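# Notes for the structure review
Chain by chain, the residues run as shown.
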Amino acid sequence: MRILLIEDELQLAETLRGALERERFIVDHADRIAVAREASLMASFDLVLLDRTLPDGDGLSLVQALRADHPGVAIIVLSARGEISDRIAGLDKGADDYLIKPFSLDEMLARVRAVRRRPADLAGETIRAGSLVYDLANDEASVEGVRLDLPRRELRVLAALLKPRGRTVLREMLEQAVYGFDDEVQSNALDSHISRLRRKLAEVGAGIEIHAIRGVGYLLRDVS
Ligand code: CA
């Protein structure tokens, strides 16, 4: 799951990012509305943590655009403005939850888990290919009921290849799916993830193959 964290207090942002990354989320950080708008257009997000008091305006003004860019995205507002009227304004603008600063990291993580369990997620959306099943809500892959123990970046590569099944996925789209904007991407890192993933998929008999399309990207298909 990929999270956009919009927060201008850098120390708080780093703390939140650390806590979320320990839970295996991919986190991108924006420190103001303009940066958040750009980030929102560049990648696909499952959850947004949104501060209200930002240097270039009220974070709530982003809610509508975030919803348009990412159908199904969950939005949790983070704010020191805890008056009932503020909370109502946040929820009325379309936020899913409202967390009042200061909050504990445990509470923040609990709220993140809670919005992930909303009915849309409970439907248990999965992608199947070969004998592999990918659970999108939990970012877990399994073959014949046995969960594959894959590092999160390999899971992200796998999900990005599975979603447009049968179509070639551009190299830059894969890199974008796997890395945060702030991460430095080594030029051959993606290929290393893919080659480890291929080996593991073959070992468990997943029945799928990842083909390299030279100069373009990668393609996942059933073993014929
Ligand atoms: Ca702020």
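Just so you know, these numbers come straight off a predicted model, no measurement behind them.

Right, let's get into the overall build of the chain. Check the secondary structure of the chain and you find nine helices and 14 strands. Expected size for 224 residues packed as a compact globule is a radius of gyration near 17 Å; at 19 Å, the chain falls within 12% of this value. Counting only C-alpha atoms and orienting by the principal axes, one finds that the chain spans roughly 60 × 35 × 30 Å. Considering only intrachain contacts with a sequence separation of at least 6, the fraction spanning at least 24 residues in the chain is 60%. Surface exposure of the chain reaches about 11400 Å², of which carbon and sulfur atoms provide 49%. The distance from the centre of the 32 positive side-chain charges to the centre of the 38 negative ones in the chain is 4 Å.

For Gly94, the position within the fold is in the loop between helix H4 (84–92) and strand S7 (97–100). Excluding residues that lie within four positions of it along the chain, Gly94 makes contacts with Val63 and Arg67.

Looking at where Ser104 falls in the secondary structure, it is placed in the loop between S7 and helix H5 (105–116). Using a relative accessible area of 40% as the deciding quantity, one classes Ser104 as partly exposed. Along the backbone, Ser104 and Gln186 are 82 residues apart, and their C-alpha atoms lie at a distance of 35 Å. A distance of 3.0 Å separates the side chain of Ser104 from the backbone nitrogen of Glu107, its partner in a polar contact.

On to the sheet that holds S7, then. Taken together, the five strands give an open sheet; going across it, the order is S2-S1-S3-S6-S7, and neighbouring strands pair in parallel fashion. Whereas interior strands pair on both sides, the edge strands pair on one side only; in this sheet they are strand S2 (26–30) and S7. Between one strand axis and the next, the sheet turns through 20 degrees on average, direction left out of account. By the bridge criterion, five bridges tie strand S3 (residues 47–51) to strand S6 (residues 74–79) in an arrangement that is parallel.

This brings us to helix H8 (residues 171–178). Buried within H8 we find Leu174, Ala177 and Val178. Looking straight down H8, one finds that the buried residues subtend no more than 90 degrees of arc, so they occupy a single side. Residues of H8 that are buried in the fold lie against strand S1 (2–6), S2, helix H7 (152–162), strand S12 (169–170), helix H9 (189–203) and strand S14 (217–222).

Attention now moves to helix H2 (residues 33–42). Within the sequence span of H2, burial applies to Ile33, Ala36, Ala39 and Ser40. Each buried residue of H2 sits inside an arc of 120 degrees when the element is viewed along its axis, so together they form one side. Away from its buried face, by an angle of more than 90 degrees, H2 presents the exposed residues Glu38 and Leu41.

Under the defined criterion, the tally for this structure stands at 20 salt bridges. When the shortest N-O distance is used, the salt bridge between Arg32 and Asp31 registers 3.2 Å. Judged by its relative accessible area of 26%, Asp31 falls in the partly exposed class. Arg37 is paired through a salt bridge with Asp69; the nearest N and O atoms lie 2.9 Å apart. With a gap of 32 residues between them, Arg37 in helix H2 and Asp69 in helix H3 (residues 63–69) connect regions that are remote in the sequence. Accessibility expressed as a relative area gives 29% for Arg37, which makes it partly exposed. Each of Glu7, Glu9, Asp51 and Lys101 takes part in one network of salt bridges that share partners.

Procedures and definitions
- Residues numbered from 1 in each chain as written.
- Predicted model: local features only at pLDDT ≥ 70, side-chain atom pairs only at ≥ 80, totals over all residues.
- Heavy atoms only, no water.
- Helix = DSSP H or I, 4+ residues; strand = E, 2+ residues; numbered from the N terminus.
- Rg over C-alpha atoms; globule rule 2.2 N^0.38 Å.
- Contact = heavy atoms within 4.5 Å.
- Areas by Shrake-Rupley, 256 points an atom, 1.4 Å probe, with all protein chains shown as cover.
- Lys, Arg positive; Asp, Glu negative; His and termini not counted.
- Charge placed at Lys NZ, Arg CZ, Asp CG, Glu CD.
- Buried < 20%, exposed > 50% of the residue type's maximum accessible area, 1.4 Å probe, protein only.
- Polar contact = N/O pair within 3.5 Å; in protein donor to acceptor, adjacent residues only side chain to side chain.
- Pairing = 2+ DSSP bridges.
- Axes fitted to C-alpha atoms, helices over the stretch in contact; angles between N-to-C directions.
- Arc of directions from axis to C-beta.
- Salt bridge = Lys/Arg side-chain N within 4 Å of Asp/Glu carboxyl O.

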